[in-house]
Amino acid sequence: MGTETTAVQPWAAGYFLVCFLVVVLCYVMGNKKYKPMAEALDKDEFSMRDFFPAGFYLMEKTRYQYNSSVDRVLRKYMKELYDPKYCEFYIRAYWGAAASYLLAGMFISGLLMLGGQTGIGFLMLGAGVLLGYMTLTNVSEKIEKRHLLISLDMPDLTNKIVILSGAGMTLRAAIVKISTEMSNGRPLYQELERAVGMMEAGQTPEAAFDYFVTKCNMPEIRRFVSVILQNMHRGGQDVTRALKEIGEEQWNNRKNAAKQFAEEASTKMLFPMMLMLLAVIMLTIAPAVMSMNI
């Protein structure tokens, strides 16, 4: 009995050839120019960074200007997540990552279509587009998580400042003490520690807390910093009273943040539960289906 072979469709061969040439060209040329840029990225955060030079080269050839409304939002997010000095670098890194996933999807889809798996090939192309899209949208998820942690920590920080100020410490001394001795290692305290380090290095409180607001870009942070700067040198009961008022609002925000955190946790559990339910259904139905004579 002979083995049947499926003839390769000319359009599939042409599509694969185009995908192959584009991917190889982008990878070879990208490695020559952008390999150091990819190697500067954190391997844990960007696990596919070795393939990113291809995406960087593709973005270069498209002559993308990085000035769209999406880029303006990304620029604000990058300043929060990374050192503001490297904001433009990370915008290009994320776009390069998205382009790299698109190229990977193109290459795999070309292979599948060449083998006659047209439907799966289109799915893989769509998967490449989806991964690229998710690379960019994942930035907003990181920011949301960061803001949630900041909202949870703000009431504690404000309360500590109020207690230390009430015990006779100056506002600046209280902030320095908290940043050096009472940090919990989460974003709010990390950025406060950096701001204090800037003041200790000779920069003005205005410059240090401007950096702090950039890294924790939330309305409650801006109000908190406004009170701090207005009273940094004056002290007294005015700042204590103002911080107490802010603290009460922050406790309410913390309750809302905790509620949001709980809702997100339950939502994340929904998908694994659906998979488990599907597996149980399959295990229950499969024997009956297999025993049927069709």
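Residues numbered from 1 in each chain as written. Predicted model: local features only at pLDDT ≥ 70, side-chain atom pairs only at ≥ 80, totals over all residues. Heavy atoms only, no water.

Colleague: I tried to follow the nonpolar core on my own but got confused; where do I start?
Modeller: In terms of nonpolar packing, the biggest core is built from 34 residues, with Met 78 and Leu 103 touching the most fellow members. Secondary structure elements with two or more residues in this core: helix H1 (10-39), helix H2 (52-62), helix H3 (69-81), helix H4 (87-114) and helix H5 (118-166). With 11 residues, H4 is the single largest residue contributor to this core. If near-sequence neighbours (up to four positions away) are discounted, Leu 103 is found in contact with Val 22, Val 23, Cys 26, Phe 51, Ala 54, Gly 55 and Leu 58. If you look at the next biggest cluster of nonpolar residues, it comprises 33 residues, including Ile 150, Val 162, Leu 192 and Val 227. (Core = buried A, V, L, I, M, F, W, Y, C linked by side-chain atoms within 4.5 Å. Buried < 20%, exposed > 50% of the residue type's maximum accessible area, 1.4 Å probe, protein only. Helix = DSSP H or I, 4+ residues; strand = E, 2+ residues; numbered from the N terminus. Contact = heavy atoms within 4.5 Å.)

Colleague: Help me out: how do you make sense of the pattern of salt bridges in this one?
Modeller: If you walk through the whole model with that rule in mind, you get 10 salt bridges. Note that Arg 146 and Glu 191 form a salt bridge whose closest N and O atoms lie 2.9 Å from each other. With Arg 146 in helix H5 and Glu 191 in helix H7 (residues 187-200), the pair connects residues that are 45 residues apart, well separated along the chain. Take Glu 191: its relative accessible area is 2%, and that puts it in the buried class. Here the residues in one salt-bridge network are Arg 75, Glu 88 and Arg 92, joined through shared partners. (Salt bridge = Lys/Arg side-chain N within 4 Å of Asp/Glu carboxyl O.)

Colleague: Help me out: how do you make sense of the packing of H7 against helix H8 (residues 205-215) in this one?
Modeller: When two helices pack together, you describe them by how their axes are tilted relative to each other and by the distance separating the axes. Two elements in contact, H7 and H8, have axes whose closest approach is 8 Å; the angle formed by their N-to-C orientations is 160 degrees. When the interaxial angle is binned, H7 and H8 end up roughly antiparallel. At the point where H7 passes H8, the crossing takes the right-handed sense. Judged by residue contacts, Leu 188, Glu 191, Leu 192, Arg 194, Ala 195, Met 198 and Met 199 of H7 engage Pro 205, Ala 207, Ala 208, Phe 209, Tyr 211, Phe 212 and Lys 215 from H8. (Axes fitted to C-alpha atoms, helices over the stretch in contact; angles between N-to-C directions. Parallel < 35°, antiparallel > 145°, perpendicular 65-115°, else oblique. Left-handed = near helix turned anticlockwise from the far one by under 90°.)

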